[in-house]
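Spelled out, the chains give:
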Amino acid sequence: MELHSNAPTGPIETAWDRHRFEMKLVNPANKRKFTVIVVGTGLAGASAAATMGELGYNVKAFCFQDSARRAHSIAAQGGINAAKNYQGDGDSIYRLFYDTVKGGDFRSRERNVYRLAQVSVSIIDQAVAQGVPFAREYGGLLANRSFGGAQVSRTFYARGQTGQQLLLGAYQALARQVGLGQVELHERTEMLELILVDGRARGVITRNLKTGQIDTHTADAVVLATGGYGNVYFLSTNAKGSNGSAAWRAHRKGALFANPCYTQIHPTCLPVHGEGQSKLTLMSESLRNDGRVWVPKNAADVTKRPQDIPEADRDYYLERKYPAFGNLVPRDIAARNAKDVCDEGRGVGYPPEREAVYLDFADAINRLGQHTIEERYGNLFEMYERITDEDPYKTPMKIYPAVHYTMGGLWVDYNLQSNIPGLFVAGEANFSDHGANRLGASALMQGLADGYFVLPYTIGNYLARAGRDLAKTPVAEDHADARSAKAEAEGRLKAFLDNPGSHGPDHFHRRLGKLMWEYVGMARDKAGLQKAIEEIPKLREEFHAKVRVPGSGASFNQTLEKANRVADFMELGELMARDALAREESAGGHFRVEYQTEEGEARRNDDDFAHVAAWEWTGKGNTPTRHVEDLDFEYVKLSQRSYK
Ligand SMILES: Cc1cc2nc3c(=O)[nH]c(=O)nc-3n(C[C@H](O)[C@H](O)[C@H](O)COP(=O)(O)OP(=O)(O)OC[C@H]3O[C@@H](n4cnc5c(N)ncnc54)[C@H](O)[C@@H]3O)c2cc1C
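Here the structure is a predicted model, which is why all the values come from computation and not from measurement. (Residues numbered from 1 in each chain as written. Predicted model: local features only at pLDDT ≥ 70, side-chain atom pairs only at ≥ 80, totals over all residues.)

**Quick notes on the overall build of the protein**
In step 1: Of the regular secondary structure elements, the protein holds 17 helices and 19 strands.
In step 2: Computed over the C-alpha atoms, the radius of gyration of the protein is 24 Å, within 12% of the 26 Å expected from 2.2 N^0.38 for a compact globule of 644 residues.
In step 3: Expressed as a percentage of its 644 residues, the buried residues of the protein come to 55%.
In step 4: Within the protein, contacts between residues separated by at least 24 positions form 73% of all contacts whose residues are at least 6 apart in sequence. (Helix = DSSP H or I, 4+ residues; strand = E, 2+ residues; numbered from the N terminus. Rg over C-alpha atoms; globule rule 2.2 N^0.38 Å. Buried ≥ 20, exposed ≤ 12 C-beta atoms within 10 Å, placed from the backbone. Contact = placed C-beta atoms within 7 Å.)

In structure tokens:
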């Protein structure tokens, strides 16, 4: 299969403008003849659904939460990037583009990233117009802070609740369209299957999570904005409900899955403690603006209280190794370094593993005063204290890397269309812009760019061009392909309910997570990946034979929901291991121990791997096929990433 990015050629600065000009438009009277399904109401989905509704399309939006505004995007703390250059510190669209391509270790598509940097400035205007309460400077301009991988301050924020405030803005826009009758909103409704007719995406099968009713929804185009799959590891900073099932269902219907092994392990999270934990908590990267990361120089000091370790015996290892970026090196680098110092026996966490490093605010408090630190990060400090019972104003936080974000996702072209015509993918669910490592504060930017500023054009173009074909083949709910998709979904649920199993889905999910963390985690090697590829199918078989789902399908049944999602994680986990094994290089969040520089940094192999790997499902139990989209670097020179 040949993969075409469909990105416009010519000067990159005007590529998106030219592309938009060349698109076909749907006239206002015809827009109301089209129906678009948007699965997901996080920042990507809510912004897409609201904008498509505002344009006059009929939109059906779905989410599994009890309210659209409780999508996982609400958890985002630190901020959203935009190349406004309000600080006058040297930022520009080109610099944001450059930082993002470099930050992603040269494994993203230049033209997508350039467009992202361009529209970033419009996102802030739109959010401000909606009333999103961004922090401001004394003069009234919006304030900025720094995030990893950048030497300028371009991150807009609303205390530690940026995602929540942005989502309230997008949700208001969505609610307006619901009120106007343009958007039909289905909350507590989970997509179970994609409907394909004549090779085009034409609808979805859903389950009402309260009543268990299975419904068929047909449309002219389908958008998946269903978030990332980090919960394959069981423990992650993601909301417990986040899952990869919508994307996986589309994958099994032919949508290619790109770069599944690119996982982001975030350096500043609360460490694992004990066996019973069900979730890990993020401490926003924004804290590295003022917090200094250190461990004792000598392993013998790890049991001492931090205040008893004199300055001379502390190793501020990020500042020492990366003087240019210091504590604000990108996440993959900060995470790997934390692992390294802990592996050396200098970790300060709970025994016996002692997997934690200090994030210390003492200097910042002395310099700026506690009040300023409280103003900047008050809610994060409070959260830390509530969970750990330690006061971070008095004693350094203890942090350790945890799974946080997935750069991989469904393959999309420049138009954010998958290889299935009519199936568009937005936000964390697609693989598009972050390469092998996402820079902090760039996920919110990408989700909103996709939803507010890209999809409304590209879906219009698709509908304008495919409109006649679509009109010739109207798809009713009882269409044979819709009925077979429904039967498939019902059969899967019935199999779980009828299974005479012994353990709940969490039991197997936790075991999958352990395998993933051990063999497909922060550092991977050939033998470990082969082991994962051997072990995961065995666990999957055991899961299907022994999972127990009590209750019925005709009512609220969270065990049934979980079983369905864990089944998909069991397949996706194996694909991640296969992708990691096939990629014989280190790049960004994908660190293969066999491929590192003498200084322990990731060593890319541009000759053989400067490409996107996009996997095709070839049937249950079969080895998937790996396709390749070569990446061209015309503007950013391929080089060894350095933050020294
Ligand atoms: C703790 C934390 C803090 C973060 N902080 C930042 C930050 O400061 N800055 C930043 O840029 N990024 C941050 N991120 C990353 C960012 O929050 C996410 O990448 C982003 O919000 C994802 O948005 P989304 O719209 O793609 O998906 P989500 O917000 O995850 O939304 C997914 C939507 O899909 C729906 N859905 C999923 N599957 C189905 C299905 N089968 N049927 C129906 N509906 C379905 C859900 O109900 C939901 O509405 C953070 C992430 C975490 C975990």
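There's plenty left to go through after this.
**Describing the site of the ligand**
In step 1: In the vicinity of the ligand there are 44 residues, among which G40, G42, S73, G227 and G427 approach most closely.
In step 2: Counting only elements with at least two residues in the shell around the ligand, the list comes to α3 (43–55), α6 (162–179), β6 (189–197), α7 (245–252), β15 (397–406) and α12 (443–472). (Near = placed C-beta within 6 Å.)

**Quick notes on the domain arrangement of the protein**
In step 1: Taken domain by domain, the protein comprises domain 1 (266–403) and domain 2 (488–604).
In step 2: If you average the C-alpha positions of domain 1 and of domain 2, the two centres end up 29 Å apart.
In step 3: Listed per partner, the contact involves six residues of domain 1 and six residues of domain 2.
In step 4: Ranked by residues supplied to the side of domain 1 that touches domain 2, first place goes to helix α9 (residues 331–346) with five residues. (Domains from an automatic or database assignment.)

**Some remarks on the packing of helix α13 (residues 480–498) against helix α16 (residues 558–582)**
Each pair of packed helices can be described by the angle between their axes along with the distance between the axes.
In step 1: Two numbers describe how α13 lies on α16: the axes approach to 10 Å, and their chain directions differ by 115°. The orientation of α13 with respect to α16, classified from their angle, is roughly perpendicular. For the element pair α13 and α16, the recorded crossing hand is right-handed. For the pair α13 and α16, the contacting residues are R492, L493, F496 and L497 in the first and L560, A563 and N564 in the second. (Axes fitted to C-alpha atoms, helices over the stretch in contact; angles between N-to-C directions. Parallel < 35°, antiparallel > 145°, perpendicular 65-115°, else oblique. Left-handed = near helix turned anticlockwise from the far one by under 90°.)

**Things to note about the nonpolar core**
In step 1: Ranked by internal contacts, the top residues of the largest apolar core, which has 189 residues, are V36, V223, L224, V357 and L410.
In step 2: For this core, the domains that each give at least three residues are domain 1 (266–403) and domain 2 (488–604).
In step 3: Leaving out residues up to four positions away in the same chain, V36 has contacts with M52, Y57, V59, A219, D220, A221, V223 and I459. (Core = buried A, V, L, I, M, F, W, Y, C linked by C-beta atoms within 7 Å.)

**Regarding the pairing of strand β11 (residues 263–269)**
In step 1: Burial analysis of β11 places seven of its seven residues in the buried class, the great majority of the element.
In step 2: Inspection of the sheet shows β11 paired to β15 by five bridges, in the antiparallel sense. Paired with Q264 across the two strands is Y405, which belongs to β15. (Pairing = 2+ DSSP bridges.)

**Observations regarding the sheet that holds strand β12 (residues 292–296)**
In step 1: Overall, antiparallel pairing links the five strands, which are arranged β11-β15-β14-β12-β13 in an open sheet. Whereas interior strands pair on both sides, the edge strands pair on one side only; in this sheet they are β11 and β13 (314–315).

**Notes on the pairing of β6**
In step 1: With respect to burial, β6 is a largely interior element, eight of its nine residues being buried.
In step 2: Pairing of β6 with strand β7 (residues 200–208), which is carried by eight bridges, proceeds in the antiparallel orientation. The residue of β7 that forms the bridge with L194 is V204.
In step 3: Counted between consecutive antiparallel strands, the loop separating β6 from β7 contains two residues, among which D198 sits at a positive phi close to 50°.

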